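Listed here are the chains, written in short residue letters.
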Amino acid sequence: MDRTLEIYNMAGHLIRRLNQISTSVFHERMKAHGFEVTSIQFAALNAISAHPGIDQATLAGRIAYDRTTIGGVVDRLESKGYITRVVSKKDRRAREVSLTPEGQAALGRLTPVVRALQPDILAGLSDDERAQFLALAAKAAAAGNEQSRAPLVASGKDGGR
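Residues numbered from 1 in each chain as written. Predicted model: local features only at pLDDT ≥ 70, side-chain atom pairs only at ≥ 80, totals over all residues. Heavy atoms only, no water.

### Overview of the overall build of the protein chain
No. 1: A tally of helices and strands in the protein chain yields six helices and three strands.
No. 2: For the protein chain, the N- to C-terminal ordering of α and β elements is α-α-β-α-α-β-β-α-α.
No. 3: When its C-alpha atoms are laid out on the principal axes, the protein chain stretches across 65 × 35 × 30 Å.
No. 4: Out of the 161 residues in the protein chain, the part that is buried amounts to 31%.
No. 5: Across the protein chain, every contact between residues at least 6 apart in sequence was considered, and the portion connecting residues at least 24 apart equals 59%. (Helix = DSSP H or I, 4+ residues; strand = E, 2+ residues; numbered from the N terminus. Buried < 20%, exposed > 50% of the residue type's maximum accessible area, 1.4 Å probe, protein only. Contact = heavy atoms within 4.5 Å.)

This is the structure in structure tokens:
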């Protein structure tokens, strides 16, 4: 006898499933286009492009990523030649990151692919339903931001660069 599991209607389970789907779609699409970039690396490139010279700790807050592991993301982007990292003149303990010309070009090639894959993450939803889902997800994420181990920090000590 087939019984519907209670978890099938629980937010946590559904969010985890959507994360699995999002990760799979992103990975497969990047692979199909010849890119070796993770979604968090793309998020970092996007934030660094918008805020050149951002320090690593502020970068972590801008993309809601753990401050202790952002260094590994930055290491991988640096090894790909997409970013440069320098010691901050304001705080010698901080590292500031900026896109290289190669990183800016890569972001230019990646962005249309990432935009195009977004509907596939929410397959089965109409355009209106996707917009509604995104609005509700953003509202829930904002309301629960402080409960996160890596809260989103929309502005930081970089002064909004």
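From this point, the narrative continues.
### Digging into the pattern of salt bridges
No. 1: Taken as a whole, this structure holds five salt bridges when the rule is applied.
No. 2: For Glu78, the salt bridge is made with Arg85, and the minimal N-O distance between the two is 2.6 Å.
No. 3: When salt bridges with common partners are traced through the structure, they connect Asp75, Glu78 and Arg85 into a single cluster. (Salt bridge = Lys/Arg side-chain N within 4 Å of Asp/Glu carboxyl O.)

### Some points on the packing of helix α2 (residues 39–50) against helix α5 (residues 101–121)
No. 1: Contact pair α2 / α5: the axes reach a minimum separation of 10 Å and the direction vectors enclose 120°. Compared by their axis directions, α2 and α5 come out oblique. As for how α2 packs across α5, the hand of that crossing is left-handed. Facing Phe42, Leu45, Asn46 and Ser49 of α2, the residues of α5 in contact are Gln104, Leu107, Leu110, Thr111 and Val114.
No. 2: Among the residues forming the contact of α2 with α5, the class breakdown is five nonpolar, four polar and no charged. (Axes fitted to C-alpha atoms, helices over the stretch in contact; angles between N-to-C directions. Parallel < 35°, antiparallel > 145°, perpendicular 65-115°, else oblique. Left-handed = near helix turned anticlockwise from the far one by under 90°. Nonpolar A, V, L, I, M, F, W, Y, C, P; charged D, E, K, R; others polar.)

### Section: a nonpolar patch on the surface
No. 1: A surface patch of nonpolar side chains, amounting to about 360 Å² of accessible area, comprises Leu5, Ile7, Tyr8 and Met10.
No. 2: Structurally, Tyr8 can be placed in the segment before α1 (11–32). (Patch = residues over 30% accessible without salt bridge, like charges linked within 9 Å, V, L, I, M, F, W, Y side chains within 5 Å. Areas by Shrake-Rupley, 256 points an atom, 1.4 Å probe, with all protein chains shown as cover.)

### Quick notes on the pairing of strand β3 (residues 95–99)
No. 1: Across two bridges, strand β1 (residues 54–55) lies against β3 in antiparallel orientation. Bridge pairing in β3 places Ile54 opposite Val97.
No. 2: Bridge count for strand β2 (residues 83–87) against β3 is five bridges, and the pairing is antiparallel. Across the sheet, the residue bridging to Thr84 is Ser98, located in β3. (Pairing = 2+ DSSP bridges.)

### A look at the nonpolar core
Burial of nonpolar side chains together is a common tendency in soluble globular proteins.
No. 1: Grouped together as the largest cluster of nonpolar side chains are 30 residues, with contacts concentrated most on Met30, Leu45, Leu59 and Ile83.
No. 2: Only α1, α2, α3 (56–62), α4 (70–79), β3 and α5 provide two or more residues apiece to this core.
No. 3: It is α5 that provides the largest number of residues to this core, a total of seven residues.
No. 4: Not counting residues up to four positions away in its chain, the partners in contact with Met30 are Phe35, Val37, Leu110, Val113, Val114 and Leu117. (Core = buried A, V, L, I, M, F, W, Y, C linked by side-chain atoms within 4.5 Å.)

### A closer look at the environment of Gln56
No. 1: Tracing the sequence through the fold places Gln56 in helix α3.
No. 2: On the accessibility criterion, Gln56 (14% relative accessible area) is buried.
No. 3: When sequence neighbours within four positions are dropped, the list of residues in contact with Gln56 reads Ile70, Gly71, Val74, Arg85, Arg95 and Val97.

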